[in-house]
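Chains, contacts and geometry: an overview
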Amino acid sequence: MSSRPVPRDSLRSFLESAPVAQAFTVTAITAGFTGHLTRSLIGWPGYIAVIAGLCVLAIAILIARRELIEWRGVLPLTILGFVIWCGASIVWSGAQWISLAGWLFQVAIALLGVTIALCRDLIQIVRAAGSVFRAVLGLSLGLEILSGILIDTPIPVLGIAGDLAVGGPIQGVFGTRNLLGLVAVLALVTHIIELRTRSVQRGLGIVSIVLAGTCLFFSGSPVTAVVAIVILAATSALFAVRRTPTERRPMLQYALLALVVVTLVATYVGRSRVIDLLNAGGEFQVRYALWLSTLRAVDVNPIEGWGWTGIWRDSILPFAGINWSVQREHASALNAYIDVALQVGIVGLALFGALCAFAVIRSWLLASNRRTVTYAWPALILVALLTTGVAESFPLVESGWLLLVICAVKASESQSWRSRLPA
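Note that the structure is predicted; figures quoted are calculated from it, not measured.

1. Quick look at the packing of helix α2 (residues 18-33) against helix α6 (residues 122-150)
Two measures define how a pair of helices packs: the angle their axes make with one another and the distance between the axes. Relative orientation of the contacting elements α2 and α6 amounts to 45 degrees, with a least axis distance of 9 Å. Considered as vectors, α2 and α6 are oriented oblique to each other. Crossing handedness for the pair α2 and α6: right-handed. Side by side, α2 and α6 meet where T25, V26, I29, T30 and F33 of the first sit next to A128, A129, V132 and F133 of the second. Residue composition of the contact of α2 with α6, by class: seven nonpolar, two polar and no charged.

What follows is the structure, encoded as structure tokens:
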């Protein structure tokens, strides 16, 4: 007997159902945060196949839910502008096929983020992210215990050095201690909000916080230590604003903005002293040398850049020349903003800056004015990502880019001027 075709209405009902959206959200976030692990096990072709499959499912879900989604003002113009400019850079890139591949990867991750933001409420995204963080950090700590204590042998295929027994640093399934530390900070923010909103049982929430704190401690990342301090200051400022009477909040917001500007100016003026303080073990000096070499390459094509690739390819210019000059192999500029300037020039940097600025301002205003603590999640996640962007390029690729898109879209839902246009 021939099998009956699936009715179109049944397929649409399935794709627009809540369980499918929940499963897609958890799977997409997991794919974003396990890129290094997946590539270590099945290589780039396997990882690309996973992302491509998720993109097909994302398009199907958006089509099925097209009548349920309010599109006005949802997708920020700043995201579109930045992605379009990155795509345009293929025209003047010296390695057009590589630039095309990098841009398609950027668009694919952005599609996953947009689909998650459009199909799930903020609290549902927080719960999904919390589940993923518990899984990946638990797996990371388990593998570090296996490698560093039980068998006392590194696991080179995963990039695990097995140094847990001597106090770290550990890398987990993320390849670098800085990325593990960043994920631990993001997990701490997420789990605390889960606990405050009673999204998980109290015992599970406390265990999750302890797990994230343990991974943060043993990562031994000086970059993440600075990010944790910034997050603590931002959290204190945000909840001070939330407890301030409505009529006095604008004054406090302007005072906080002035404090941030003064801090940034003072940091720039005293940058030599800051470099000396941060140069523990010479790690910062390595970054500083890389930044100087990258900026020299930026000066060659300052307006339009060299062409978007996302992750560096050591076989093409200018990346090969930069790595040769610093005598190390880097997959990024270890600074998201310098990386953007290198690849898509000052124009791209301005567009990326606008994307980040609008996302932070909108999410901060939402967190300040909405009663539920869930709205603090996008603001604090963005602060963590953009602060880390000073010393890493995480906000430009994979999990960092995914979270940046999700937070920007969720922040624009009620803050964009286009949402007030007539239907």
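2. As for the nonpolar core
Core analysis: the biggest nonpolar cluster contains 100 residues, and I51, F82, L112, L137, W377 and W401 have the highest contact counts within it. Discounting residues that sit within four places of it in the chain, L112 has contacts with F24, A28, I51, L54, C55, A58 and L402. Residues W291, A297, F319 and I338 belong to the second largest nonpolar core, which totals 16 residues.

3. Regarding unusual backbone geometry
The omega torsion across L317 and P318 is 5 degrees, close enough to zero to call that bond cis. In this model, R198 sits at a positive phi of 55 degrees, which is unusual for a non-glycine residue. With respect to the helices, strands and loops of the structure, R198 is situated in the loop between α7 (177-196) and α8 (202-219). When its relative accessible area of 76% is taken as the criterion, R198 is described as exposed. Even without a glycine there, the phi angle at Q327 is positive, about 60 degrees.

4. Regarding the environment of L57
For L57, the location among the structural elements is in helix α3 (residues 35-64). Distance in space between the C-alpha atoms of L57 and T25 is 11 Å, their sequence separation being 32 residues. Dropping the residues within four chain positions of it, L57 is found in contact with L15 and F24.

What counts and what doesn't
- Residues numbered from 1 in each chain as written.
- Predicted model: local features only at pLDDT ≥ 70, side-chain atom pairs only at ≥ 80, totals over all residues.
- Heavy atoms only, no water.
- Axes fitted to C-alpha atoms, helices over the stretch in contact; angles between N-to-C directions.
- Helix = DSSP H or I, 4+ residues; strand = E, 2+ residues; numbered from the N terminus.
- Parallel < 35°, antiparallel > 145°, perpendicular 65-115°, else oblique.
- Left-handed = near helix turned anticlockwise from the far one by under 90°.
- Contact = heavy atoms within 4.5 Å.
- Nonpolar A, V, L, I, M, F, W, Y, C, P; charged D, E, K, R; others polar.
- Core = buried A, V, L, I, M, F, W, Y, C linked by side-chain atoms within 4.5 Å.
- Buried < 20%, exposed > 50% of the residue type's maximum accessible area, 1.4 Å probe, protein only.

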